[in-house]
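Structural overview
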Amino acid sequence: MKCPHCGKDFKDSKQPYRPFCSDRCKLIDLGKWISGEYRVPTLETVDNDEENSMKDPEEE
Ligand SMILES: [Zn+2]
């Protein structure tokens, strides 16, 4: 399989960093996500106050 970060071909057997070829690529890729280089298409979540008021009174 190919590393999605560097495109390097590697054997995925016993590869703990799948789908990446190494921990480096994995960390770099994760870093991109964290730094916002990749835009995550977030679904528009509807914040409904009415839902909050309907939660069960079993908190205590
Ligand atoms: Zn790689």
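This section reports on the structure supplied with the text. Please read all numbers here as calculations on a predicted model, not as lab measurements.

**Details of the overall build of the chain**
Scanning the chain from terminus to terminus reveals two helices and zero strands. Every one of the 60 residues in the chain was classed for burial, and the buried ones make up 13%. Sequence separation of at least 24 residues holds for 5% of the intrachain contacts in the chain that already meet a minimum separation of 6. Carbon and sulfur atoms make up 50% of the accessible area of the chain, which amounts to about 5,800 Å² in all.

**A word on the coordination of the zinc ion**
Protein ligation of the zinc ion involves C3 (SG), C6 (SG), C21 (SG) and C25 (SG), the donor distances falling in the range 2.2 to 2.4 Å. Each of the four donor atoms around the zinc ion contributes to a set of angles spanning 106 to 115°, which defines the coordination as tetrahedral. Summarised as a motif, the one-chain spacing of the donors to the zinc ion is C-x2-C-x14-C-x3-C. Remark: C25 occurs in helix α1 (residues 23-35) and C3 occurs in the segment before α1; sequence separation between them is 22 residues.

**Quick notes on unusual backbone geometry**
At the junction of R18 and P19, the peptide bond is cis and its omega measures out at 0° in the coordinates. Structurally, the position occupied by P19 is in the segment before α1. Phi at K14 is positive, roughly 55°, even though this residue is not glycine. Looking at the element boundaries, K14 is found in the segment before α1.

**Points about the side chain of Q15**
With respect to the helices and strands, Q15 occurs in the segment before α1. Looking at Q15, its side chain comes within polar contact range of the main-chain oxygen of C21, at 3.0 Å. Setting aside anything within four residues of it in sequence, one finds Q15 in contact with F10, F20 and C21.

**Quick word on α1**
The α-helix advances 3.6 residues per turn, and as a result positions three or four apart in sequence lie on the same side. When the terminal C-alpha atoms of α1 are compared, their 18 Å separation across 13 residues agrees well with the 18 Å that a helix rising 1.5 Å per residue should span. Looking at α1, one finds that the buried residues are C25, D29 and K32. All buried residues of α1 project into a common sector of 50° when viewed along the axis, lining one side. Of the exposed residues in α1, the ones pointing more than 90 degrees away from its buried face are R24, L27, I34 and S35. Backbone geometry just downstream of α1 places G36 in the positive-phi region, at approximately 85°.

Conventions and cut-offs
Residues numbered from 1 in each chain as written. Predicted model: local features only at pLDDT ≥ 70, side-chain atom pairs only at ≥ 80, totals over all residues. Heavy atoms only, no water. Helix = DSSP H or I, 4+ residues; strand = E, 2+ residues; numbered from the N terminus. Buried < 20%, exposed > 50% of the residue type's maximum accessible area, 1.4 Å probe, protein only. Contact = heavy atoms within 4.5 Å. Areas by Shrake-Rupley, 256 points an atom, 1.4 Å probe, with all protein chains shown as cover. Donors = N, O, S within 2.8 Å, 3.2 Å for Na, K, Ca; no water. Tetrahedral: all angles 85-135°; square planar, octahedral: opposite > 155°, others 65-115°. Polar contact = N/O pair within 3.5 Å; in protein donor to acceptor, adjacent residues only side chain to side chain. Expected span 1.5 Å × (residues − 1). Arc of directions from axis to C-beta.

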